[in-house]
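Chain by chain, the residues run as shown.
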Amino acid sequence: MEKRIIPISLPHTGEEEWLATKESIMSGWLTAGPKVREFEQIFAKRHGVKHAMAVTSATTALHLALVALGVKEGDEVIVPAFTWISTANVVLYCGANVVFVDVDRTTFNLDVNDLKSKITPKTKAIIPVHLFGLCADMDAIKKVAGNIPLVEDGACAAGAGYKGNAAGSLGTLGCFSFHPRKSVTTGEGGMVTTNDDALAEHISNLRNHGASISEEQRHHGAKPYILPDFNMLGYNYRMTDLQASVGIVQLKKLDSFIDERETWAKFYDEQLKEINWLRTPLVGTDYKHGWQSYVVYIDESKSPISRNEIMEKLQQMGVSTRPGTHAPHMLHYYAEKYNIKPDDFPGARDCNNYSMSIPLFNKMTEEDYHYVVHCLKSIK
Ligand SMILES: *Cc1c(COP(=O)(O)O)cnc(C)c1O
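Residues numbered from 1 in each chain as written. Predicted model: local features only at pLDDT ≥ 70, side-chain atom pairs only at ≥ 80, totals over all residues. Heavy atoms only, no water.

*Asks:* In this structure, what is going on with the sheet that holds strand β6 (residues 161-162)? I would like to understand it.
*Replies:* Two modes of strand pairing occur in sheets, parallel and antiparallel, and in both the strands are linked by backbone hydrogen bonds. Taken in spatial order, the three strands of this open sheet run β7-β6-β13, and their pairing is antiparallel. A single partner strand is all that each edge strand has here, and the edge strands are β7 (165-166) and β13 (287-288). Where β6 and β13 come together, two bridges link them in antiparallel fashion. What sits directly across from G161, in β13, is K288. (Pairing = 2+ DSSP bridges. Helix = DSSP H or I, 4+ residues; strand = E, 2+ residues; numbered from the N terminus.)

Next up, the structure:
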């Protein structure tokens, strides 16, 4: 087969997204305004929640979720040990402590059996991650968590489902990312979802410097001398209307994007099952995978060469791969801060060392997919 160059991912944006920004630019309303409200409404409807609040990233979404839950110094928040580092960082932004929980090597998600022993009277929240677009087993987590609030890190899980319900509607709060590596993009951007009216209002205020509209302003029309009141420490985490314009167009394509990726994920499943040193993603019947990434697990006891050598070989053939994500407890900052060893979380350690994301994105062609399979099968 002729050599092809295939990146790990490319966002699917084009003229439609470009034109969508024109209206905002011409109107002069650039920051959060009508486009953000429309984007939030479409997002909330698609994910079956009452409220969706657009913010600047999944990281700031997660931060606000924890602030709204009252997470503060001395509290503990449980975070899977295999996830993007910011799932853990946001806990530290609140002055609280990160308590890592191990992950399951087959789903890459939080290991419910390891969760029980991590809960203490100080546990203020748990952040189950729906990694690569596969929801965590939320019912099993709820059983163990009891009344502890669950904040879904659905950064990769726009449009994903669990037992007939959408990601973002499964916990107390849900958080999403619109980074270009995710399923739909606004460049940078995020969303918080919830069915709780009070949390929604709190988060709306927090993202806007903590501004709250007074009752007087709400009910008696705009008086020129009334500015919002500020009774909390807020942030500026507002999404712009420019980003939301792109998001509206992208969100309309979300389900067709997922359908297309699912078709090619099945193609990979079928084609790659004959490779005995590689495990394709396992998706239980209760789950609708969002296929943000297609991540395989390399069994080095059977593979002719190591995971890293496989990745280098593929790179030479023009196929980009990446480790699924990283294990924060193995990263310098957390390893040092909490004096953690890689072996303290063996599941996360193995996922860190043996996972491999292969190209799956909406701009790929049929020939690209066939070429990736060809290259993987050529590794001897
Ligand atoms: C990408 C990602 C984030 C961070 O999203 P940003 O929008 O870039 O802040 C957080 N958690 C997970 C699991 C992610 O994959």
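*Asks:* Teacher, can you tell me more about the pairing of strand β3 (residues 97-101) here?
*Replies:* Most of β3 sits out of view: four of its five residues are buried. With five bridges joining them, strand β2 (residues 76-80) and β3 adopt parallel strand pairing. For P80, the partnering residue across the bridge sits in β3 and is V101. (Buried < 20%, exposed > 50% of the residue type's maximum accessible area, 1.4 Å probe, protein only.)

*Asks:* Looking at this model, I keep getting lost on the sheet that holds β3. Mind explaining?
*Replies:* Pairing is parallel in the open sheet, where three strands are placed in the order β3-β2-β4. Strands with a single pairing partner mark the edges of an open sheet, and in this sheet they are β3 and β4 (123-126). In this sheet, neighbouring strand axes are inclined to one another by 30° on average, regardless of whether the strands run parallel or antiparallel. Two strands pair when backbone bridges link them, and β2 and β4 are joined in this way by three bridges, in the parallel orientation. Bridge pairing in β4 links V77 to A125. Where helix α4 (residues 86-93) meets the sheet, its contacts fall on β2 and β3, and the angle it forms with β3 comes to roughly 150°. (Axes fitted to C-alpha atoms, helices over the stretch in contact; angles between N-to-C directions. Contact = heavy atoms within 4.5 Å.)

*Asks:* So what exactly am I meant to see when it comes to the packing of helix α1 (residues 15-27) against helix α9 (residues 241-252) here?
*Replies:* A pair of packed helices is captured by two measures, namely the crossing angle of their axes and the spacing between those axes. Relative to each other, α1 and α9 sit at 140°, their axes nearing to 8 Å. Overall, the two elements α1 and α9 adopt an arrangement that is oblique. Here the hand of the crossing between α1 and α9 comes out right-handed. Within the contact between the two elements, α1 uses E16, E17, A20, T21, S24 and I25 and α9 uses D241, L242, S245, V246, V249 and Q250. (Parallel < 35°, antiparallel > 145°, perpendicular 65-115°, else oblique. Left-handed = near helix turned anticlockwise from the far one by under 90°.)

*Asks:* Explanation requested: the site of the ligand in the structure shown.
*Replies:* Not every one of the 15 residues close to the ligand is listed here, only the nearest: A58, T59, D153, S177 and K182. Side-chain polar atom of T59 to an oxygen atom of the ligand: 2.5 Å apart, as the coordinates give it. Burial of the ligand by the protein chains amounts to 89% of its free accessible area of 380 Å². (Near = heavy atom within 4 Å. Polar contact = N/O pair within 3.5 Å; in protein donor to acceptor, adjacent residues only side chain to side chain. Areas by Shrake-Rupley, 256 points an atom, 1.4 Å probe, with all protein chains shown as cover.)

*Asks:* Help me out: how do you make sense of helix α13 (residues 346-354) in this one?
*Replies:* In an α-helix, one full turn covers 3.6 residues, which means residues spaced three or four apart are oriented alike. Taken residue by residue, α13 has G347, A348, D350, C351 and N352 as its buried positions. Where α13 is buried, its residues meet β14 (294-298), α11 (307-316) and β15 (355-358).

*Asks:* Which parts of the structure should I look at to understand the domain arrangement of the chain?
*Replies:* By convention, interface size is frequently given as the accessible area that disappears when the constituent parts associate. Per the domain assignment, the segments of the chain are domain 1 (15-251) and domain 2 (254-377). Spacing between the C-alpha centres of domain 1 and domain 2 amounts to 26 Å. Across the contact, 42 residues belong to domain 1 and 41 residues belong to domain 2. When domain 1 packs against domain 2, the two sides together hide about 3,500 Å² of surface, and 61% of this comes from carbon and sulfur. Together, F100, R105 and F132 form the three largest contributors to the area buried by domain 1 at its contact with domain 2, with a combined 20%. Applying the counting criterion to the domain 1 and domain 2 interface returns two salt bridges. With its nearest N and O atoms 2.9 Å apart, the salt bridge here joins R46 to D255. Here domain 1 and domain 2 share 22 residue pairs in polar contact (both at pLDDT 80 or more) between them. Where the side of domain 1 that touches domain 2 is concerned, the elements lending two or more residues are α4, β3, β6 and α9. Broken down by element, the side of domain 1 that touches domain 2 gets its largest block of residues, four residues, from β3. (Domains from an automatic or database assignment. Buried area = accessible area lost by both parts, 1.4 Å probe. Salt bridge = Lys/Arg side-chain N within 4 Å of Asp/Glu carboxyl O.)

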